[in-house]
Amino acid sequence: MSGNLKGKNIVLGVSGGISAYKSADLLRLLMKEGATVKVAMSANAKKFITPLTFRALSGSPVYQNVFEEIGDDAMEHIRFAEQADLMAVVPASANSIAKMAHGLADDALSTLFVSFSGKVLVAPAMNDKMYSNPAVTENINKLKSRGIFIVEPEYGKLACGAEGKGRLAELEIILKEIIAQFCQKADLAGKKIIVTAGPTREPIDPVRFISNRSSGKMGYAIASEASKRGGEVTLISGPTNLVSPPGIETLYCECAEEMRRLVFDKFSQCKALIMTAAVGDFSPENYEENKIKKNLNGGNVLKLKRNPDILSEIATRKDGQIVVGFAAESENVFENALEKLQKKSMDLIVANNIAKPEIGFGSDYNEATFIKKDQQIRYLDRMPKTELANLLLDEIAELIEVG
Ligand code: C5P
């Protein structure tokens, strides 16, 4: 890869953390792609890496002190930031994320951020306990809801010796995401797309339900990417912990029956339906109005009935719409997925092997195989869900085009 960022002006924001040294490598990768890069540092970043390193590598002064005597160089730097095409904050500490979420401006990086109105990409990196702190989650969600692109950190060994989620994403992935910010296609412009996501919850009594491990991340990634490509997206979501992506109509539901109703309501107007949701196959035969006592019938209390299969039913109402389903399989992945594709009259099925660790439910990564109606197969390697979403949308855009 080279030249993908030719003519682009990028501000690389570096905040304080052990992985700050990695942004020196990122700077070189960005420049290799043809970008002009200037660096802004938070006050704490300078404790981990010196501005001189970035100055030497970028060939430009580093914006590091808001109140210093401003020479011509620094003024030029600020002007550059105002005209920059993208600001990438890598690594983003819990502190810098909090400041960005709340509009605090008390050092060079945070000041530049609040005065910058262009696209922003943020790659958090911190200790796993910090990353899972609800305040940090809330701040990250705030940034997401304002359209800021988050490159999620990875699981792995952390600088503090612990193992968990918080390690800066691989630089190659960050670079790809930065490039992707400039390659936004508009091939779904004006196309109505329905995406279902997340699990369903089938109520047993007022306090209990049957559900599954779906996090909703794959469906939310598809909805968000489809919207960026110009699609008019309706996201029909079961219960998740995710924030609705900006600019998308999100309809919430709990059980399979509610999801079915919403899908049927919208289906006739859409160009494509992408059923990412892990719809529960069973629900309790009877809903109990009162909490079931634990010693009722010696614990033998649950009788299940089959839920409606939304995709099978929708097949009879197809009127030119492209219908895509997902198959989460733990064995005979290909054979089972192919059978579902045919049985449910889909145009394409995305098969996942959920028996593989580190992918699928809850993960930010997925490894999938696309199987089309004409049995064309595309095997894909493990990749971030946003990337997989875009490859799937490439296929869908083509299917819509062909009609
Ligand atoms: O048969 P299976 O549940 O594995 O099929 C998965 C696909 O079917 C997914 O796309 C899922 O959203 C959809 N589905 C459905 N209604 C159900 C169960 C699954 O539309 N009741």
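Since the structure is predicted, the reported quantities are computational estimates derived from the model, not experimental observations. (Residues numbered from 1 in each chain as written. Predicted model: local features only at pLDDT ≥ 70, side-chain atom pairs only at ≥ 80, totals over all residues. Heavy atoms only, no water.)

What am I meant to see in the nonpolar core here?
A general tendency of soluble globular proteins is for nonpolar side chains to be buried together. Leu 12, Leu 30, Phe 54, Val 90, Ile 174 and Ile 178 are the most contacted members of the largest nonpolar core, which totals 34 residues. Of all the elements in the fold, those that place two or more residues in this core are strand S1 (9-14), helix H1 (22-32), strand S2 (36-41), strand S3 (86-92), strand S4 (119-124) and helix H8 (171-182). The element best represented in this core is H8, accounting for 6 residues. What Val 90 contacts, discounting residues up to four positions off in sequence, is Leu 12, Gly 13, Val 14, Ser 23, Leu 26, Leu 121, Ala 123, Leu 168 and Ile 174. Ala 197, Ile 222, Ala 226 and Leu 235 belong to the second largest nonpolar core, which has 33 residues in total. (Core = buried A, V, L, I, M, F, W, Y, C linked by side-chain atoms within 4.5 Å. Buried < 20%, exposed > 50% of the residue type's maximum accessible area, 1.4 Å probe, protein only. Helix = DSSP H or I, 4+ residues; strand = E, 2+ residues; numbered from the N terminus. Contact = heavy atoms within 4.5 Å.)

What exactly am I supposed to notice about the sheet that holds strand S16 (residues 322-329) here?
In a beta sheet, neighbouring strands pair by backbone hydrogen bonds and run either parallel or antiparallel. Spatial ordering of the open sheet is given by S12-S11-S8-S13-S16-S17-S19-S20, a layout of 8 strands whose pairing is mixed. Bordering the open sheet on either side are strand S12 (249-252) and strand S20 (377-379), each of which pairs with just one other strand. Taking the axes of each pair of neighbouring strands and ignoring which way they run, one obtains an average angle of 15° across the sheet. Two strands pair when backbone bridges link them, and strand S11 (residues 232-237) and S12 are joined in this way by 4 bridges, in the parallel orientation. Residue pairing in the sheet places Leu 235 in a bridge with Thr 250 of S12. Sheet contacts for helix H9 (residues 217-228): strand S8 (192-197), S11, S12, strand S13 (272-275) and S16; angle to S11, the most-contacted strand, approximately 165°. (Pairing = 2+ DSSP bridges. Axes fitted to C-alpha atoms, helices over the stretch in contact; angles between N-to-C directions.)

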